[in-house]
Amino acid sequence: MGPGRSHQNGLPRPSKLKGDSEDERLDLTMKLDNLKPRAKTPAFIYILTFFSALGGFLFGYDTGVISGAMILLRNDFSLSSVWQELIVSVTIAAAAVFALVGGFLNDRLGRRPVIMGASILFTLGSIMMAVAKDKFSLLAGRVVVGAGIGLTSTTIPMYLAECSPTYARGSLVSTNIAMVAFGQFMANVVDGIFGVDAQDGWRYMLGLGAVPAGIQLLGFLFMPESPRWLVSCGREEKARRILQSMRGALDIEEEYENIKQTVVELEREQETRGKTPVIVQMLRVPAIRRSLLVGCSLQIIQQVAGINTVMYYSATIIRMSGVKSDEAAIWLSAVTAAVNFLFTLVGLYLVEKIGRRPLTLGSLMGAIVSLAWLAVGFHLSALNTPPIDVVEQAAGDSRCSRYRTCNDCRQDLDCGYCYVDLPTLIVNSSCLPTTYEHPWTSTVGRCNSSTLPGSLTWAYDYCPTPYSWMPMVGLVLYLVSFAPGMGPMPWTINSEIYPLWARSTGNSVSTFMNWTFNLAVSMSFISLTESLSRYGTFWLYACLAFAGAILLALILPETKGRTLEEVEGLFASSWFQRSWFAGSSDPIQSLNPQTIQYVHIRGLNRDGRESELDSPE
């Protein structure tokens, strides 16, 4: 075999030529790795992904189904507005807490037991909600389900990333978020189907979550543990067998040796770190601080850009735009959930084609434009609402009788708009008092009845307007833009950017930030629409998303095509030494391998000594 040839695959191998820089030889090695033939991904990986992603389905279903069930629950249990908010928010709060708990459990127990434990919690919580006799037992069931959501949202992206081959990791991890979107869509469909059963419909809606949870639990009885976690526990032979089953015909030796080398150095570093908490250790290492900043920023920006406001309040936003029928609003909400799911699938295709960074930034820019469209649509709707031409004697001296346009009337929580809706004209309109706790009718006047005669219409949370189509279009455009990139990418990138010793903690901290801002944004939406106006709220989301896009453009690297061990090297240099500021398409070329700590790049060891990459044949 002549010089410059490798022993495998007949590919040329870089020898140490005089004048070659470390960066050039590293770049050449990575390009040669991309030329190696790939075996077909084994079917076992797809089966593993399916059972794992059922956790994502449950995540989406249990957060989405409550919106339709609440219409029935508030009547059955006489829920006040405070209790309605509590039942929705307690699940998010429990998810935030158990996202942090999940990091500890993943390190101690492994990924597989945590996923199985979450399946049990989903099953138990769904049954508790289905058989609830009062609002307190219902609340307890929501807490249990929230605990399952927190554990799965931390664990499943990490488990999929550690089990997936490098060339398919992005699409397989993103499958979990696609299933979240599918779960939200199915929740809307189930709400529509069982919404006609006013007596027990909500029991079916909430209880059906036990079915996929049970399937996931049974499936994971036969799923393996993460090979990387097994190696870290010293169970190397079992890890080798599992890795071989996951890679099929692929040669696993190089990947296996990289994992082992990572664990060896991890053990060496643990001796010096002692018993210092992992999060403190992460903050002490500059490279890990940078990766944690990227991971948390992605999760926070995802939330402040308004995605869960759109998903949780889609029916409300549709009503705000001027759709009169509750049933039509619910089914239109299902349509928006379907759009979210379908375009998340587009993201699965694009993630390994164009990469994480352009997909994330392009998606966020599209979301900003869509939020601006929503703001303009609601502003035009507010400027073009019908006048009030009748002051009903029954309204007396209430402040509702002083308003002169529908928009002014609607902005008061204790008033509603009563009008006669003719095919081309709105006439005999008045503003009547109502109550925030029971806004379905006015307290006095023509609309003081749950059954209104003829064309008489009661509008509490919307105004008829010729611009009602604009928010609907903006809602769809937002999901078309957001779903392929900013939906799955924060989870996908977070599963890749932390070293093995910090992976569980890094994912749990970033997931905790996601759920915390999820809670803050979703709980503040109605209040913001009242204080800033509807269009002002969406301008706020657009501005926050724009600020987030600037931040991500500065700090977000590309992780496509790199092993988990190689990804660590992307954060080894300071921000302003990164090649993406200089316009290079390959961030890793700017790194000096001799300065990398806690980083493991194939061909170089931790001390920067030359390995066989530099040895002549």
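Please refer to the structure higher up on the page.
Keep in mind it's a predicted model, so treat the numbers as computed, not measured. (Residues numbered from 1 in each chain as written. Predicted model: local features only at pLDDT ≥ 70, side-chain atom pairs only at ≥ 80, totals over all residues. Heavy atoms only, no water.)

1. Some details on the packing of aromatic side chains
Under the definition given, this model contains 16 aromatic pairs. With centroids separated by 5.0 Å and ring planes inclined at 40 degrees, the aromatic side chains of Phe 59 and Trp 515 adopt a geometry described as tilted. Placement of Phe 59 in helix H2 (residues 43–76) and of Trp 515 in helix H21 (residues 500–531) is noted, with a sequence separation of 456 residues between them. The exposure classification of Phe 59 matches that of Trp 515, with both residues buried. With a centroid separation of 5.2 Å and 20 degrees between ring planes, the pair formed by Phe 194 and Tyr 204 is classed as stacked. Taken together, the residues Phe 194 in helix H6 (residues 169–194) and Tyr 204 in helix H7 (residues 201–207) connect sequence positions 10 residues apart. Since its relative accessible area comes to 24%, Phe 194 is described here as partly exposed. Cluster of aromatic residues (ring-pair linked, three or more members): Phe 57, Tyr 61, Phe 182, Phe 185 and Phe 341. (Phe/Tyr/Trp six-rings, centres within 6.5 Å; stacked < 30°, edge-to-face > 60°. Helix = DSSP H or I, 4+ residues; strand = E, 2+ residues; numbered from the N terminus. Buried < 20%, exposed > 50% of the residue type's maximum accessible area, 1.4 Å probe, protein only.)

2. A short note on H2
Note on helix geometry: an α-helix contains 3.6 residues per turn, so any two residues three or four positions apart are oriented the same way. With 34 residues, H2 should cover 50 Å at 1.5 Å per step; its first-to-last C-alpha distance of 47 Å lies within 8% of that length. A bend of about 50 degrees at Ala 69 is the largest found in H2. H2 sits mainly inside the fold: 24 of its 34 residues count as buried. (Expected span 1.5 Å × (residues − 1). Bend = angle between axes of the 7 residues up to and from the residue.)

3. Points about the state of the cysteines
Evaluated as defined, the whole model comprises four disulfides. Each sulfur of the disulfide joining Cys 418 and Cys 447 lies 2.0 Å from the other. Every disulfide takes its handedness from the sign of the S-S torsion; for Cys 418 and Cys 447 that torsion is 75 degrees, giving right-handed. One end of the pair, Cys 418, is in strand E1 (residues 415–421); the other, Cys 447, is in the loop between strand E2 (426–433) and strand E3 (456–459), with 29 residues separating them in the sequence. Neither Cys 418 nor Cys 447 differs from the other in exposure class; each is buried. Across the protein, the disulfide pattern expressed with sequentially numbered bonded cysteines is 1-4, 2-8, 3-6, 5-7. (Disulfide = S-S within 2.5 Å.)

4. A word on the pattern of salt bridges
Summed over all chains, the structure comprises 13 salt bridges. We note a salt bridge from Arg 503 to Glu 162, for which the minimum N-O separation is 3.0 Å. One end of the pair, Arg 503, is in helix H21; the other, Glu 162, is in helix H5 (residues 135–163), and 341 residues separate them in sequence. Each member of the pair, Arg 503 as well as Glu 162, is classed as buried. Arg 247 is the salt-bridge partner of Glu 255, the closest N and O atoms lying 2.9 Å from each other. Arg 247 gets classed as buried once you look at its relative accessible area, which sits at 2%. Connected through salt bridges with shared partners, the residues Arg 169, Glu 352, Arg 356 and Glu 496 form a single ionic network. (Salt bridge = Lys/Arg side-chain N within 4 Å of Asp/Glu carboxyl O.)

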